[in-house]
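Residue-level structure breakdown
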Amino acid sequence: MLGSPQILQMLEDESIEILREAAAAFRKPVLLYSIGKDSSVLLHLARKAFYPGPIPFPMLHVDTTWKFREMISFRDQIVKEYGLNLLVHTNQAGVDEKVNPFTSGISEYTRVMKTVALRQALDEHGFDVAIGGSRRDEERSRAKERIFSVRESGHRWDPRQQRPELWRTYNPRLAPGQSMRVFPLSDWTELDVWHYIYLNEIPVNPLYFAKERLVVTRGQQLIMVDDERYPLLENEKPELRQIRFRTLGCYPLTAAVESTANSVKEILDEVMEVKLSERATRLIDGDKEDSMEKKKSEGYF
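Residues numbered from 1 in each chain as written. Predicted model: local features only at pLDDT ≥ 70, side-chain atom pairs only at ≥ 80, totals over all residues. Heavy atoms only, no water.

A word on the pairing of strand β3 (residues 86-89)
Of the pairings in the sheet, the one linking strand β2 (residues 59-62) to β3 comprises 4 bridges and is parallel in character. Across the sheet, Leu-60 pairs through a bridge with Leu-87, a residue of β3. You can see the chain leave β2, run along helix α3 (residues 69-82) and come back into β3, and the turn it takes is right-handed. (Pairing = 2+ DSSP bridges. Helix = DSSP H or I, 4+ residues; strand = E, 2+ residues; numbered from the N terminus. Right-handed = clockwise from strand over helix to strand, strands pointing away.)

Quick look at the packing of helix α1 (residues 5-25) against helix α2 (residues 37-49)
Interhelical geometry of α1 versus α2 gives an angle of 70 degrees and a closest axis separation of 9 Å. Regarding the angle of α1 to α2, the classification is roughly perpendicular. When the axes of α1 and α2 are compared, the crossing they make is right-handed. Of the residues in α2, those touching α1 at Glu-12, Ser-15, Ile-16, Leu-19 and Arg-20 are Leu-42, Leu-45, Ala-46, Lys-48 and Ala-49. For the contact of α1 with α2, the residue count by class is 6 nonpolar, 1 polar and 3 charged. (Axes fitted to C-alpha atoms, helices over the stretch in contact; angles between N-to-C directions. Parallel < 35°, antiparallel > 145°, perpendicular 65-115°, else oblique. Left-handed = near helix turned anticlockwise from the far one by under 90°. Contact = heavy atoms within 4.5 Å. Nonpolar A, V, L, I, M, F, W, Y, C, P; charged D, E, K, R; others polar.)

A closer look at the environment of Phe-57
Tracing the chain through its elements places Phe-57 in the loop between α2 and β2. Its relative accessible area of 6% is what places Phe-57 among the buried residues. Sequence-distant contacts of Phe-57, that is, excluding residues within four places in its chain, are made with Ala-23, Pro-29, Leu-31, Phe-50 and Ile-131. (Buried < 20%, exposed > 50% of the residue type's maximum accessible area, 1.4 Å probe, protein only.)

Some remarks on the environment of Leu-86
The residue Leu-86 is located in strand β3 in this model. Between the alpha carbons of Leu-86 and Tyr-33 there is a distance of 8.7 Å; along the sequence they are 53 residues apart. Ignoring sequence-local partners within four residues, the contact set of Leu-86 consists of Tyr-33, Met-59, Leu-60, His-61, Arg-75 and Val-79.

Digging into the sheet that holds strand β8 (residues 221-224)
Spatially, 4 strands are ordered β7-β8-β10-β9 in a closed barrel, and the strand pairing comes out antiparallel. Strand-to-strand twist across the sheet, computed as the mean angle between neighbouring axes with direction ignored, equals 70 degrees. Relative to strand β9 (residues 239-244), strand β7 (residues 211-218) runs antiparallel, the two sharing 5 bridges. When the sheet's bridge partners are listed, Lys-211 is paired in β9 with Ile-243.

Observations regarding the nonpolar core
In this structure, Val-41, Ile-131 and Trp-194 are the most contacted members of the largest nonpolar core, which totals 72 residues. Residues in contact with Val-41, not counting those within four places in the same chain, are Leu-185, Trp-188, Val-193, Tyr-196, Ile-197 and Ile-202. The next biggest cluster of nonpolar side chains, apart from the first, holds 10 residues, and it includes Leu-32, Val-62, Phe-127 and Ala-130. (Core = buried A, V, L, I, M, F, W, Y, C linked by side-chain atoms within 4.5 Å.)

A word on α3
Taking 1.5 Å as the rise per residue, α3 with 14 residues should run 20 Å; its terminal C-alpha atoms sit 20 Å apart, in good agreement. Those residues of α3 that fall on the buried side of the exposure criterion are Met-71, Phe-74, Arg-75, Ile-78 and Val-79. Around the axis of α3, the buried residues are gathered within 135 degrees of arc, so they sit on the same side. Away from its buried face, by an angle of more than 90 degrees, α3 presents the exposed residues Arg-69, Lys-80 and Glu-81. Against α2, β2 and β3 lie the buried residues of α3. Immediately beyond the C-terminal end of α3, within one or two residues, lies Gly-83, with a positive phi of roughly 65 degrees. (Expected span 1.5 Å × (residues − 1). Arc of directions from axis to C-beta.)

Put into structure tokens, the structure is as follows:
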């Protein structure tokens with residue numbers, strides 16, 4: 001069931017309050033931009049929170065070099081259209097060592113090209129708070145996060161050391177060596193996000209809309225063959241299927257779903273019928289039982 005406009009207004013008000021608190025309480029914030037639907041909503045909220053002025057902190061995209069090509073073109077289009085201050089960081093050592101999703105293994109690839117890369121970028125620029133679009137309904141370990149989630153030295157996350165948050169009272173204090181992650185969309189659901197996109201006509205990546213695309217079937221997952229780097233198995237041939245994506249990430253690790261939804265309204269109708277979280281199509285989440293919590297404890301967002 002769709003949330004009422006009043007509930008969405010309450011969620012918007014809460015998110016804007018969180019963004020303004022982060023901007024006021026910390027020395028050097030940064031907004032993480034993953035190019036997905038949640039990032040699109042978070043960017044819209046940030047622009048609204050500080051209107052008519054610009055967003056008072058930069059955006060950061062961690063580029064693994066394995067993102068969908070349509071993600072990068074959409075990112076560049078949005079940055080140009082809104083005049084945004086975007087920083088792009090890639091773990092060049094990982095590139096030089098040819099770390100990739102196939103020969104390196106999913107966990108090692110994620111650790112080097114995502115977790116280590118994010119830590120590098122935060123340390124290089126001296127950011128004391130990173131603002132991201134994670135939601136509690138996405139995955140079990142993310143449900144343990146506070147809105148203001150403290151990180152220990154080395155960006156380590158310990159769910160047992162998180163601070164209480166009562167009546168929307170946040171504790172932004174940092175001890176030496178600590179940093180903070182802030183999640184303005186914590187209380188939103190996937191359905192809330194799409195309903196908000198629909199009502200506010202927020203532009204989102206075309207990969208969310210159904211279209212015939214070249215895919216291969218690996219196990220139970222449909223993987224889009226986005227470029228020539230994808231290694232095909234013997235006698236494997238990509239075929240055109242009508243697909244879309246519920247979540248976006250590195251293309252070899254992000255499965256598609258068969259769908260005919262090619263408008264936000266049709267996506268809303270589809271999401272209302274789905275029982276599984278959109279993270280079910282992310283291969284990195286299913287690598288091990290504790291994979292996401294382990295990755296988060298190492299500094300993954």
